[in-house]
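Breakdown of the fold
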Amino acid sequence: MKTRNPFLFLSSIIILMCIHSFSVMNNSETIYTVSKEGKGDFKTIQEAVDAAENDLDSKTKIIIRKGIYREKIIVPATKGAILFEGENASETIIVNDDYASKKNADGKEIGTTGSSTIFIFSDNFSARNISFQNDAGMVGQAVAVLITGDKAIFENCRFLGFQDTLYLKGEQDVLTPKRDSRHYFKNCYIEGTTDFIFGAATAVFKSCIIYAKESATYITAASTPQGKRFGFVFIDCKITGDAKPQSVYLGRPWRPFAKTVFISTEISNIIKPEGWHNWNKPDAEKTSFYAEANSKGIGANPEKRVFWSHQLSKNQLRDYSVKKILAGQDNWNFKIMK
């Protein structure tokens, strides 16, 4: 059939080329695909991150095909909103094996901070259907994810490691933090042995599985800055694992004003009856805030918890909605990029 209008024919060809392109713009959103087999825009995730615009108003979706990506990834603070979207969390895995005592090229230890598999320095980062892993093993501190940015969201993700798996660093050790560091975890799985959820951020964990591995000791080690209303808040979660019965603490205060709260959480028998530890810092018993409300399961022992912890009243519980915890001054709505 003849084409009567050559211009229309040419326009149609251009449109089809755009539709089938690996990298597209959709409503001001750039979309890249990462595939280890070379069936996308990039073979590595870092290449896709580097390609994202250094524009805080930009949005970039990085679709990650299933596979094991052994990388050490940095998401710079200059990047706009970025979404990592995997095919599924069990088959889309980002992993590295650095650890704190590992030596760098100068012969110096890289430290806990340097051990992370991924560094998220930007704001408005989100991920779904991804596993983040540090597989260094039982070698001390070995971080899977480190975040200093604000407003990070993780949905249907797994965080795999041993000691110090998830580092919600924020503005760590800054006497007067100049910016918020808020994060939302929904339907996630987090595992580890010692202090495997730690740091200074305000974070909500909603409907997550917290898995204490064999030889586990402490789940959380918050370092909430003085004056922050909230630290780590777990809502409708489940604490389980293969640690020995009554061998694991819910948390200990890395810094004096640590705040950690468990609400309507199912707690297995791996948790010690006393629940919380002061990290051999008696003064921290007066300044930290550790609390529970409506705990369920064998490990829920409100009458046996340490005297300096709290059981929230109904009136206090009203302040612990996800919205109130994360809203901040900018009224963040914590919705993941589509």
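Refer to the structure printed above.
Being a predicted model, the structure only gives us computed values, none of them experimental.

1. Some words on the packing of aromatic side chains
If you walk through the whole model with that rule in mind, you get 24 aromatic pairs. When the centroid spacing of 6.0 Å and the interplanar angle of 45 degrees are considered together, the rings of Phe-262 and Trp-276 count as tilted. One end of the pair, Phe-262, is in strand β24 (residues 259-263); the other, Trp-276, is in the loop between β25 (266-267) and α4 (284-287), with 14 residues separating them in the sequence. Side by side, Phe-262 and Trp-276 carry an identical accessibility label, which is buried. Looking at Lys-36, its charged tip hangs above the ring of Tyr-69, at a distance of 5.3 Å from the centre. Above the face of the Phe-162 ring, Lys-213 is positioned so that its terminal group lies 3.5 Å from the ring centre.

2. Points about the side chain of Glu-292
Residue position: Glu-292 is located in strand β26 (residues 289-293). Engagement of the side chain of Glu-292 in a polar contact is seen with the side chain of Arg-305, the distance being 2.6 Å. Excluding residues within four positions of it along the chain, Glu-292 makes contact with Leu-250, Phe-262, Ile-267, Trp-276, Arg-305, His-310, Gln-311 and Leu-312.

3. Regarding the nonpolar core
Of all hydrophobic cores here, the largest spans 60 residues; its most connected members are Phe-84, Phe-132, Phe-154, Phe-159, Phe-185 and Phe-205. Excluding its chain neighbours within four sequence positions, the residues that come into contact with Phe-84 are Ile-45, Val-49, Ile-62, Ile-64, Ile-94, Ile-118, Phe-125, Ser-126, Ala-127, Arg-128, Ile-130 and Phe-132. Within the second largest apolar cluster, 22 residues are counted, among which are Phe-230, Ile-235, Ile-325 and Phe-334.

4. Focus: unusual backbone geometry
In the Ramachandran plot, Lys-151 falls in the positive-phi region, its phi being about 60 degrees despite a non-glycine side chain. Inspection of the secondary structure puts Lys-151 in the loop between β11 (145-147) and β12 (152-155). Even without a glycine there, the phi angle at Asn-156 is positive, about 55 degrees. Within the secondary structure, Asn-156 is located in the loop between β12 and β13 (158-160). With a relative accessible area of 31%, Asn-156 lands in the partly exposed category.

5. Comments concerning the sheet that holds strand β23 (residues 249-251)
Read from one edge to the other, the open sheet built from 7 strands follows the order β5-β8-β11-β14-β17-β20-β23, with strand pairing classed as parallel. Pairing within the sheet leaves two strands with one partner each, and these edge strands are β5 (73-75) and β23. The mean angle between the axes of side-by-side strands here comes to 15 degrees, regardless of whether they run parallel or antiparallel. Sheet topology places strand β8 (residues 118-120) next to β11; 3 bridges connect them, and they run parallel. Residue pairing in the sheet places Ile-118 in a bridge with Val-145 of β11.

How each quantity is defined
- Residues numbered from 1 in each chain as written.
- Predicted model: local features only at pLDDT ≥ 70, side-chain atom pairs only at ≥ 80, totals over all residues.
- Heavy atoms only, no water.
- Phe/Tyr/Trp six-rings, centres within 6.5 Å; stacked < 30°, edge-to-face > 60°.
- Helix = DSSP H or I, 4+ residues; strand = E, 2+ residues; numbered from the N terminus.
- Buried < 20%, exposed > 50% of the residue type's maximum accessible area, 1.4 Å probe, protein only.
- Lys NZ or Arg CZ within 6 Å of the ring centre and 35° of its normal.
- Polar contact = N/O pair within 3.5 Å; in protein donor to acceptor, adjacent residues only side chain to side chain.
- Contact = heavy atoms within 4.5 Å.
- Core = buried A, V, L, I, M, F, W, Y, C linked by side-chain atoms within 4.5 Å.
- Pairing = 2+ DSSP bridges.
- Axes fitted to C-alpha atoms, helices over the stretch in contact; angles between N-to-C directions.

Everything listed here is a matter of coordinates, which is why it stays silent on function.
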